[in-house]
Amino acid sequence: MTRKKLLFYALGALLLAGGGYYFVQKSRAAAETKVLATAQVQKDTVSRVLEATGIIKAQVGASVKIGARATGTISRVYVRVGDAVKKGQVVAEIDARELLAQREEAEARVKLAEAKAQFAGLTLPRYETLTKQGLQAQSVLDEAVQNHKVAKAEGGAARAVLATLDVRISYTKIVSPIDGVVSQVTAQEGETIVAGLQVANLVTVLDPTRLEMWIYVDETDVGRVRPGLPVEFRVDSQPDKTFSGLVDRVYPDPEIRDNIVYYKALVTVDRDQALSLRPEMTTQCRIVVDTRKDVLSVPNQALKWVAGKQTVFVVDKSQPDGVRRVEPKLGLPGLERSEVLEGLAEGDEVATQIVLAGQQKPAEAKKGEEKPAVKPAGSNGSGGSGGGKKGG
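Residues numbered from 1 in each chain as written. Predicted model: local features only at pLDDT ≥ 70, side-chain atom pairs only at ≥ 80, totals over all residues. Heavy atoms only, no water.

Asker: Looking at this structure, how should I read the packing of aromatic side chains?
Answerer: Centre-to-centre distance and the angle between the planes together describe a pair of aromatic rings. Applying the stated criterion to the full structure yields one aromatic pair. Geometrically, the ring pair formed by F233 and F243 is stacked, given 5.4 Å between the ring centres and 15 degrees between the ring planes. Here F243 lies in strand 13 (residues 238-257) and F233 lies in strand 12 (residues 230-235), a separation of ten residues in the sequence. In this structure, R257 packs its charged tip against the face of Y216, placed 4.8 Å from the ring centre. For the cation-ring pair, K264 lies above W214, with the distance from its terminal atom to the ring centre recorded as 3.7 Å. (Phe/Tyr/Trp six-rings, centres within 6.5 Å; stacked < 30°, edge-to-face > 60°. Helix = DSSP H or I, 4+ residues; strand = E, 2+ residues; numbered from the N terminus. Lys NZ or Arg CZ within 6 Å of the ring centre and 35° of its normal.)

Asker: Please clarify how the side chain of S338 should be interpreted in this entry.
Answerer: On the secondary structure map, S338 appears in strand 20 (residues 337-342). Within the structure, the side chain of S338 is placed 2.6 Å from the side chain of N300, a separation counted as a polar contact. (Polar contact = N/O pair within 3.5 Å; in protein donor to acceptor, adjacent residues only side chain to side chain.)

Asker: Where do I start with the confidence of the model for the protein chain in this structure?
Answerer: The predicted coordinates should not be examined in detail at positions where pLDDT is low. Residue-level pLDDT values for the protein chain average 82, and 82% of them are 70 or greater. Segment residues 20-30 is flagged for pLDDT under 50; beyond a separation of four residues in sequence, or across chains, it makes five contacts in the model. Here residues 368-392 is a poorly scored stretch, pLDDT under 50, and it has 74 contacts once near neighbours within four places are set aside; other chains count. (pLDDT = per-residue confidence, 0-100. Contact = heavy atoms within 4.5 Å.)

Asker: In this structure, what is going on with the nonpolar core? I would like to understand it.
Answerer: Considering soluble globular proteins, one finds that nonpolar side chains tend to be buried as a cluster. Formed by 24 residues in total, the largest nonpolar core has its most connected members in M213, I215, V231, F233, V247, L277 and I287. Among the secondary structure elements, those contributing two or more residues to this core are strand 2 (42-58), strand 11 (211-218), strand 12, strand 13, strand 14 (260-268) and strand 15 (282-299). Looking at this core element by element, the count peaks at four residues for strand 11. The residues touching I215, leaving out its near neighbours within four places in the chain, are A52, T53, G54, V231, Y263, K264, A265, V267, C285 and I287. Listed in part, the 18 residues of the second largest apolar core include A68, V79, I178 and A187. (Core = buried A, V, L, I, M, F, W, Y, C linked by side-chain atoms within 4.5 Å. Buried < 20%, exposed > 50% of the residue type's maximum accessible area, 1.4 Å probe, protein only.)

Asker: Looking at this structure, how should I read the pairing of strand 19 (residues 329-333)?
Answerer: Remark: a regular strand shows side chains that alternate across the two faces of the sheet. Sheet topology places strand 19 next to strand 20; three bridges connect them, and they run antiparallel. Bridged to L330 within strand 20 is V340. In this structure, the hairpin formed by strand 19 and strand 20 is closed by a connection of three residues. (Pairing = 2+ DSSP bridges.)

Asker: I keep staring at the pattern of salt bridges and nothing clicks. Help me out?
Answerer: Between side chains of opposite charge, a pair can form when the charged atoms approach closely. Scanning the model with the defined rule gives 17 salt bridges in all. One salt bridge in this structure joins D44 and R337, with 3.9 Å as the shortest N-O distance. Here R337 lies in strand 20 and D44 lies in strand 2, a separation of 293 residues in the sequence. Classification of R337 by relative accessible area gives buried; the value is 16%. For the salt bridge of E107 with R103, the shortest nitrogen-to-oxygen distance reads 3.5 Å. Taken together, the residues E107 and R103, both in helix 2 (residues 97-132) and four residues apart, mark about one turn of the helix. Note on E107: relative accessible area 31%, which makes it partly exposed. Taken together, the shared-partner salt bridges connect R103, E107 and D166 into one network. (Salt bridge = Lys/Arg side-chain N within 4 Å of Asp/Glu carboxyl O.)

Okay, structure coming up:
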């Protein structure tokens, strides 16, 4: 046998020996249970929540479209988008020169009517004296009395016209009816406004402190949502900040989108939090439907499905494989922890990641009870805590 063949056989023997050793070690490792991570059973607050998607909206009356009741050319626009305005502040003006000229004419008519009335009032006593003395006919006195009444009536009519013009002139100054921020400016200087049946919108002002949130709750979950429940929510623009509010009401009318029935829950947003939000922002919400404080709880990661049963593996060195299998009786299921009624004790160390003997990957943890949020079509973001399409 040549030296080259001897080397080839030696190399083959080494490879066979190495493969056998690897197979033995791998089989031995697969036959062992490995605990990769643990946690403790402890008393904690367990909250049952519904996850849903919401939308920030302006409250009714928080966004006001300011129009013009006067006809004319826009002479000045004093604001731009983003400007803060106060109630009563002038935001735009319409050319009022024609109305001001009419007012001067009406004011002159008022003075003329007042002068006529004053003169008639001065001459009337003389006519009365002459009539009593029989020096003039009664008809002359009657005519003088009538002229005095007509002059006074003309003065009243002229003053009414003057007041009407003052009102029309006031319409040429467009003022903000609320405190807020200018969100839209749809008018430009030089444009002509024609007041008609529909008031032309010039400027929109938004009160940024008056916001609310609409949550679309799936029909399968709406029975657990009621006024007064606490709500936590986040927005993408501030992912590290958690906002809070309370359910104010649940609307009775449904909204059907993509054959899924939703009910709208309204959440009030306080003024301080509203300053960090904007209308039409999408929110990720958690409605807390039940809370139990200071109860024995176990992390949901420790709940494994084994043979169709929820099982917890308690670290126990006295057992051959180092763990003791327990099927606990659970109470309120929470998003991160679940209430324990029986089977576990405070301080028990439980496996949250474990590889069972004969397996090559960690045992599957308990799936969350609540269903994922579903966004209804046709919106920036809404949805209930879950649901599927209904039969057509």
